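# Results of the structural survey
As a plain string of letters, each chain reads:
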Amino acid sequence: MKKTFSWIAALTATLFSIGVAPAAAEQKPAFRPSKQVTIIVPYSPGGGTDTVARLLAKALDEKWGQTVIVDNRTGGSGSIGAGFVARAEPDGHMMVLAVTGIAINAHLLKLPYDTVTAFAPITAVAYPVSTLLATPTLPVNDLRGLKQLVEKEGPEKRSFASPDPGSRLAAELIFEKAGIKLLNVPYKGAASFVTDIAAGRVDVGIASVTSGLSLIKAGKLKSLGIAGTKRIAALPDTPTFAEQGFPGIENNWYGLFTTAGTPPAVVEAIYKDIAEVIARPDFQAKLVDHGAVPGGDTPAAFSARFQRDIKEAGAAIARLGMKAE
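Residues numbered from 1 in each chain as written. Predicted model: local features only at pLDDT ≥ 70, side-chain atom pairs only at ≥ 80, totals over all residues. Heavy atoms only, no water.

Between helix H2 (residues 48-64) and helix H9 (residues 264-278), the shortest axis-to-axis distance is 10 Å and the interhelical angle comes to 110 degrees. Here H9 runs roughly perpendicular to H2, going by the angle between their axes. The way H2 lies across H9 gives a crossing that is right-handed. Across from Leu-56, Ala-59, Leu-60, Lys-63 and Trp-64 in H2, the residues of H9 making contact are Ile-270, Asp-273, Ile-274, Glu-276 and Val-277. Among the residues making up the contact of H2 with H9, the classes are represented as 7 nonpolar, no polar and 3 charged. (Axes fitted to C-alpha atoms, helices over the stretch in contact; angles between N-to-C directions. Helix = DSSP H or I, 4+ residues; strand = E, 2+ residues; numbered from the N terminus. Parallel < 35°, antiparallel > 145°, perpendicular 65-115°, else oblique. Left-handed = near helix turned anticlockwise from the far one by under 90°. Contact = heavy atoms within 4.5 Å. Nonpolar A, V, L, I, M, F, W, Y, C, P; charged D, E, K, R; others polar.)

Written as structure tokens, this is what we have:
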């Protein structure tokens, strides 16, 4: 009996010494929710961010066997909802699904947190495809035509709608690439600016493809081009800005963050579970239906993109002379 016990003990010690633990000694996953998980959406219900958050919450609820809810905390161009996560317990149970505007807010708003250090980036869940929408009576059909029109008429004769700082900066950067200047018409939220473009109250505006797709198909809006490097199935005849001679215009992201100080192993474990969800064909199909390209960047890659976007947004805001509305 003693010899048998000694043999088992020796084998166990050997397995541990070479990094192979017996099944009974397997470690628990780095993250398995012990309570309700909350995904904050810092924008109104029904929008693209909210839709993607609810798709993700449902999938994670099923995967984790734990309740995952979406909580809409609006205001401050997304900064109020983000602030809840900045102040949360750093254990991965509270996250925020935000858009690129969170990087822009760092330069245009007085915030109770430091955007650079307040969050632990997890992944870009998806990239919403952006389009430059135009009123159907505008006598051009693409960005090249808009450039020629503005050069003929003069700067700020044509207008663009901006419902938030992120949309404004995205539009301004497109116009900067084209070497033109349009008059900014700020809107309080995104509810009416697309319909105002369709009605001709303002000439153009940047938005996600989903926001204007039904009106484009009905002939009540035009798409003058899309961001990114590839055309999309929803608008197969609409060229990218790069195809028109204006490269380097990227899509925004739906980015998932948790609280800074959350253990890296927890962040990595959450990411791996989300990456498995994003890799599913049915989940990808739903993202595409909502006008988004599936993401899945590693925490390191997304963190690098986030920090780059903060830096580049600051430089662009200073260069363009943008001020908080």
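We now examine the pairing of strand E3 (residues 94-98). Of all 5 residues that make up E3, 4 are buried, and the element is covered over most of its length. Sheet topology places strand E1 (residues 37-41) next to E3; 3 bridges connect them, and they run parallel. What sits directly across from Ile-40, in E3, is Val-96. Of the pairings in the sheet, the one linking E3 to strand E10 (residues 254-259) comprises 4 bridges and is antiparallel in character. Within E10, the residue paired with Leu-97 across the bridge is Leu-256. (Buried < 20%, exposed > 50% of the residue type's maximum accessible area, 1.4 Å probe, protein only. Pairing = 2+ DSSP bridges.)

Below, the discussion takes up the sheet that holds strand E6 (residues 159-162). Spatially, the 5 strands line up as an open sheet ordered E7-E6-E8-E5-E9, and their pairing is mixed. Looking along the sheet, the strands with just one partner apiece sit at the ends: strand E7 (183-186) and strand E9 (222-226). Taken over all neighbouring pairs, the strand axes of this sheet differ in orientation by 35 degrees on average, direction set aside. This element, helix H8 (residues 209-217), spans strand E5 (130-134), strand E8 (204-208) and E9 of the sheet and lies at about 115 degrees to E8.

On to the pattern of salt bridges. A complete count under the given rule lists 21 salt bridges for this structure. Asp-91 is the partner of Lys-35 in a salt bridge, and the nearest nitrogen-oxygen pair spans 3.6 Å. Pair noted here: Lys-35 is in the loop between helix H1 (2-17) and E1 and Asp-91 is in the loop between helix H3 (79-86) and E3, with a separation of 56 residues, a long-range link. A relative accessible area of 42% places Lys-35 in the partly exposed class. Three or more residues are tied together by salt bridges with common partners; here these are Glu-250, Arg-305, Arg-308, Asp-309 and Glu-312. (Salt bridge = Lys/Arg side-chain N within 4 Å of Asp/Glu carboxyl O.)

Quick look at the packing of aromatic side chains now. Within this structure, the stated rule accounts for 10 aromatic pairs. Their ring planes at 90 degrees and their centres at 5.2 Å tell us that Trp-253 and Phe-302 sit as a pair that is edge-to-face. With Trp-253 in the loop between E9 and E10 and Phe-302 in helix H11 (residues 299-320), this residue pair connects regions lying 49 residues apart in the sequence. Taken individually, Trp-253 and Phe-302 each receive the classification buried, so the pair is uniform in this respect. Geometrically, the ring pair formed by Trp-253 and Phe-306 is edge-to-face, given 6.1 Å between the ring centres and 75 degrees between the ring planes. Note that Trp-253 is positioned in the loop between E9 and E10 and Phe-306 in helix H11, a separation of 53 residues in sequence. The buried category is assigned to Trp-253, whose relative accessible area is 0%. Note on Phe-306: relative accessible area 0%, which makes it buried. Ring pairing ties together the aromatic residues Tyr-113, Phe-119, Trp-253, Phe-257, Phe-302 and Phe-306, which thus form one cluster. (Phe/Tyr/Trp six-rings, centres within 6.5 Å; stacked < 30°, edge-to-face > 60°.)

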